[in-house]
Amino acid sequence: MRNRILKVGHAFWQLAFFGVPLLLLLIVSFWTFNGYRLTPTATLANYRSLLQQQAFSQALATSIAMGLVSGLLTVLISAPASLAMFFWVRREINAVLLFLFLLPFLSSFTVRTFSWYSWLSDSGILGTLLHKLGWGSIHLLNTPYAVLIGELSVLAPVGCLLGYSAVSRVDRATIEAAYNLGASFSQVLCYIIWPYLYGGVAVSFGYSFLFTVADYITPSILGGNQRYTLAVFIQDRLKIDDWPSAAASSVILLALLFVLGLVAFGVSRVRVLREPR
């Protein structure tokens, strides 16, 4: 009886706070916006108009490109860090590192993004340090590099957590047995570690991609709207109260993220265990 009540409560929560808003978003996407007035209709004009707009296509392409780069960089940072934590760091220190990875998430994401101003501005900490090292004046703020730095400051710790949680399931006795049988480190990494790490890498890449594509705060603060992403495009539609166009853009974004999320989940579930030659 108690489990049934919990299931009903969970279903009601999901329906009330996720299902109903998504349904309203879908309904509004079929309305029209004329003379700064909303007209409840049932038309695909908003979707046809978006697909014909060059600004929408560019924003979508920019978001996808930024997501791919962010996901790749997150994997390149987090995978080696996860392996280093597993092989060469004691478990007591790993517990401290994992806590430090989670510590930034106890503060506001917006505040943490704004804090990068003191590092990335022309007279900031990083700019002053590079100038003293003889690199000259390097402009980072309001560039794609600043956006990627802001995204990675959030995604790299998450990637390390996902990677370490995946690789920590490896039985160390199996690794010792492989070494005793004459296996090299590369063979251990390929045949024992990688099948476990693969899932963490796939989820890390997928999460980073989805987060970057949907993020509005980082491009608007650190990018200065110089990188016109899909989230910024939606915000611009809301500034002029064009709710149907913003809703249609959001539906397209959610559909894209849903499909890519399913792909990432499916890839993470693929078995990659290989037999040594």
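Residues numbered from 1 in each chain as written. Predicted model: local features only at pLDDT ≥ 70, side-chain atom pairs only at ≥ 80, totals over all residues. Heavy atoms only, no water.

Caption draft 1: The arrangement of the layout of surface pockets in detail. By volume, the second largest pocket amounts to about 180 Å³. Together, Leu-68, Ala-202, Phe-205, Gly-206, Phe-209, Leu-210, Leu-260, Val-263, Ala-264 and Val-267 line the second largest pocket. The set of elements that each furnish at least two residues to the lining of the second largest pocket consists of α10 (185-214) and α13 (243-268). No other element matches the five residues that α10 contributes to the lining of the second largest pocket. Its residues placed into classes, the lining of the second largest pocket shows nine nonpolar, one polar and no charged. (1 Å grid on protein atoms, 1.4 Å probe; cavity = no way out; pocket = protein on both sides within 12 Å on 5 of 7 lines; lining within 4 Å. Points joined across faces, edges and corners; volume = space filled by probe spheres on them. Helix = DSSP H or I, 4+ residues; strand = E, 2+ residues; numbered from the N terminus. Nonpolar A, V, L, I, M, F, W, Y, C, P; charged D, E, K, R; others polar.)

Caption draft 2: Representation of the nonpolar core within the structure. Of all hydrophobic cores here, the largest spans 17 residues; its most connected members are Phe-86, Val-167, Val-170, Ile-175, Val-188, Ile-192 and Ile-193. Of all the secondary-structure elements, those providing two or more residues to this core are α3 (54-88), α8 (144-167), α9 (172-180) and α10. In this structure Val-167 touches Ser-82, Leu-83, Phe-86, Ile-193, Tyr-196 and Leu-197, once residues within four positions along its chain are discounted. (Core = buried A, V, L, I, M, F, W, Y, C linked by side-chain atoms within 4.5 Å. Buried < 20%, exposed > 50% of the residue type's maximum accessible area, 1.4 Å probe, protein only. Contact = heavy atoms within 4.5 Å.)

Caption draft 3: Quick peek at unusual backbone geometry. In the Ramachandran plot, Asn-142 falls in the positive-phi region, its phi being about 65 degrees despite a non-glycine side chain. With a phi angle near 65 degrees, Asp-241 is a residue other than glycine that sits in the positive phi range. On the basis of relative accessible area, Asp-241 is assigned to the partly exposed category, the value being 41%.

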